[in-house]
Amino acid sequence: MTPGVTRSDDLGDRWVDHAGVEDLRHHGDVDVRPGMLDFAVNVRGRTPSWIRDILRDRIDDLSVYPTPDDEQAAVDAIAVAHGRDADEIAVLAGAAEGFALAAALRPRLAAVIAPSFTEPERVLRASGVPVTRVVLPPPWHLEDAVVPDDADLVVIGNPTNPTSVLHAADVVAGMCRPGRVVVVDEAFADVTLAETGSAAGRSVDGFVDEPESVADRRLPGLVVLRSITKTFAVPGLRAGYVIGDRDVVSRLVSGRPHWPVGTLQLAVVTAALSERGHAHAREQARAVRVEREAMVDALRGSGIEVCGDPSASFVLVRDASAQRRRDHLAAAGIAVRRGDTFPGLGPGHLRLAVRPPDDVATLLRAWPLS
């Protein structure tokens, strides 16, 4: 067994932990060249025009430092959206900054639930934090996680990238215990839905938004990272936030430099958490659901194995020719995300961003490999 790995089941030859530490830096954007049809990056389309207008109106403010009023406006918007107090919130330069800040908590042992987004493990290891990978067996249910009792920091993705699995909020919350910080990466939570009657929460047009989010739960040691990047298509701006246990939030941000988040980042966070922002996220969540169902049907109809029960804006597929397939599709101008850099997955996986039917049809026409 790979050092520092906890296998949550005896999987025999069905599982090999292929990803090394050097692979953790790989992200889908490096595989996308200009002009390619992009299935590698989980960003939804282009930045909304009304977001661009807000940013354009603030350009002249770049000649001065970010103001306390700008920061307060963003914090207030987050507080209203999640029913939290201001001291339970911090605005981040992208949700990924939260993982780097977590290293400042100086945990004795961090447990990273895998397969999942690789940045938490990378930055924790780079900071000298001992890390164990708790690798879930397919179909990657959190109930199967065997987390070491002495892990005082646990990182969970929900929904999880790249498997697109949505874990039950009660199971996520059950990871909390005295003396432990639980960091939940909810970067894609705002595009998750459940049908009315299958989940608690406020019903909107027959669906419950963000049915398994724990962002509104006050539990000791629990903090949630949220991203603005994906749903609002602003990855170049780096905007997100953390909410949760006020003591943990305070410790996370205590060592940050002054002005850690810029004026335009604060403006886009405020906009994304406004009523108009909520409406946009709801619209995207419903579009993702329709596109994902159509995409899964098309993939399976073409004989492609879709893994698990995807709930987010991407799907994981198993393909024995995955490494050759990536090169073949790239030559056809299509980018897909390799799976072997995710701890717990092997070279026979690809992650595909959810895209409209016309784009999926283009992908499937290019898919055959002789």
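Conventions adopted
Residues numbered from 1 in each chain as written. Predicted model: local features only at pLDDT ≥ 70, side-chain atom pairs only at ≥ 80, totals over all residues. Heavy atoms only, no water. Helix = DSSP H or I, 4+ residues; strand = E, 2+ residues; numbered from the N terminus. Contact = heavy atoms within 4.5 Å. Phe/Tyr/Trp six-rings, centres within 6.5 Å; stacked < 30°, edge-to-face > 60°. Buried < 20%, exposed > 50% of the residue type's maximum accessible area, 1.4 Å probe, protein only. Lys NZ or Arg CZ within 6 Å of the ring centre and 35° of its normal. Pairing = 2+ DSSP bridges. Axes fitted to C-alpha atoms, helices over the stretch in contact; angles between N-to-C directions. Core = buried A, V, L, I, M, F, W, Y, C linked by side-chain atoms within 4.5 Å. Expected span 1.5 Å × (residues − 1). Polar contact = N/O pair within 3.5 Å; in protein donor to acceptor, adjacent residues only side chain to side chain.

## A few points about the environment of Arg292
Note that Arg292 resides in helix H8 (residues 275–301). Once the C-alpha coordinates of Arg292 and Arg355 are considered, the two residues, 63 residues apart in sequence, prove to be 7.4 Å apart. For Arg292, the contacting residues outside a window of four places in its chain are Pro310, Ser311, Ala312, Val315 and Val354.

## Considering the packing of aromatic side chains
A ring pair, where both rings are aromatic, is described by two values, the distance of the centres and the angle of the planes. Inspection of the entire model under this criterion finds 3 aromatic pairs. Measuring from ring centre to ring centre gives 6.0 Å for Phe99 and Phe117, while their planes differ by 55 degrees; the resulting arrangement is tilted. A residue pair is termed long-range when its members are at least 10 positions apart, and Phe99 in helix H3 (residues 96–102) and Phe117 in the loop between strand S4 (110–114) and helix H4 (119–126) qualify at 18 residues. The class of Phe99 is buried, set by a relative accessible area of 3%. Relative to Phe314, the ring of Phe188 has its centre 4.9 Å away and its plane inclined at 75 degrees; by these criteria the two rings are edge-to-face. One end of the pair, Phe188, is in the loop between strand S7 (181–185) and strand S8 (193–195); the other, Phe314, is in strand S14 (residues 314–318), and 126 residues separate them in sequence. Comparing Phe188 with Phe314 shows no difference in burial state: the two are buried. Cation over ring: Arg351 sits above Phe314, and NZ or CZ is 5.9 Å from the ring centre.

## Considerations on the sheet that holds S14
An order of S13-S14-S17-S16 is seen for the 4 strands of this open sheet, with the pairing classed as antiparallel. Two strands lie at the open edges of the sheet, namely strand S13 (305–306) and strand S16 (337–338), each paired on one side alone. Two strands pair when backbone bridges link them, and S16 and strand S17 (residues 349–353) are joined in this way by 2 bridges, in the antiparallel orientation. In the sheet register, Arg337 faces S17, and the bridge partner there is Arg351. Taken strand by strand, H8 contacts S13, S14 and S17, and its axis lies near 15 degrees from that of S14.

## What to know about the nonpolar core
Core analysis: the largest hydrophobic core is formed by 52 residues, its most contacted members being Ile113, Val147, Ile228 and Val269. Take this core: its biggest share by element is 6 residues, from helix H7 (residues 263–272). Each residue touching Val147, except ones within four places of it in the same chain, is listed here: Ala111, Ile113, Val134, Val154, Met175 and Arg180. Membership of the second largest hydrophobic core comes to 24 residues, among which are Leu92, Val112, Leu153 and Val223.

## Details of H8
Compared with the 39 Å implied by 1.5 Å per residue over 27 residues, the 39 Å span of H8 between its first and last C-alpha is a close match. The positive-phi residue at the C-terminal boundary of H8 is Gly303, with phi of around 85 degrees.

## Points about helix H2 (residues 68–82)
For H2, built from 15 residues, the straight-helix expectation of 21 Å at 1.5 Å per residue is met to within 8% by its first-to-last C-alpha distance of 21 Å. Restricting attention to buried positions, one finds in H2 the residues Asp70, Ala74, Val75, Ala77, Ile78, Ala79 and His82. Of the surrounding elements, those touching the buried residues of H2 are strand S3 (89–92), strand S11 (222–227), strand S12 (240–244) and H7. Backbone geometry just after H2 places Gly83 at a positive phi near 65 degrees.

## Thoughts on the environment of Leu264
Relative to the helices and strands, Leu264 is located in helix H7. On the accessibility criterion, Leu264 (16% relative accessible area) is buried. Between the C-alpha atom of Leu264 and that of Gly236, which follows or precedes it by 28 residues, the distance is 11 Å. Once residues lying within four places of it in the same chain are set aside, the contact partners of Leu264 are Leu55, Arg58, Ile59, Leu62 and Leu237.

## Notes on the side chain of Arg226
With respect to the helices and strands, the residue Arg226 is situated in strand S11. Looking at Arg226, its side chain comes within polar contact range of the side chain of Glu186, at 2.8 Å. A polar side-chain atom of Arg226 sits 2.9 Å from a polar atom in the side chain of Glu210. For Arg226, the residues in contact, after removing those within four places along its chain, are His82, Ala95, Glu186, Ala189, Asp190, Glu210, Ser213, Ala215, Gly240 and Tyr241.

Scope: geometric values only; no functional claims are made or implied.
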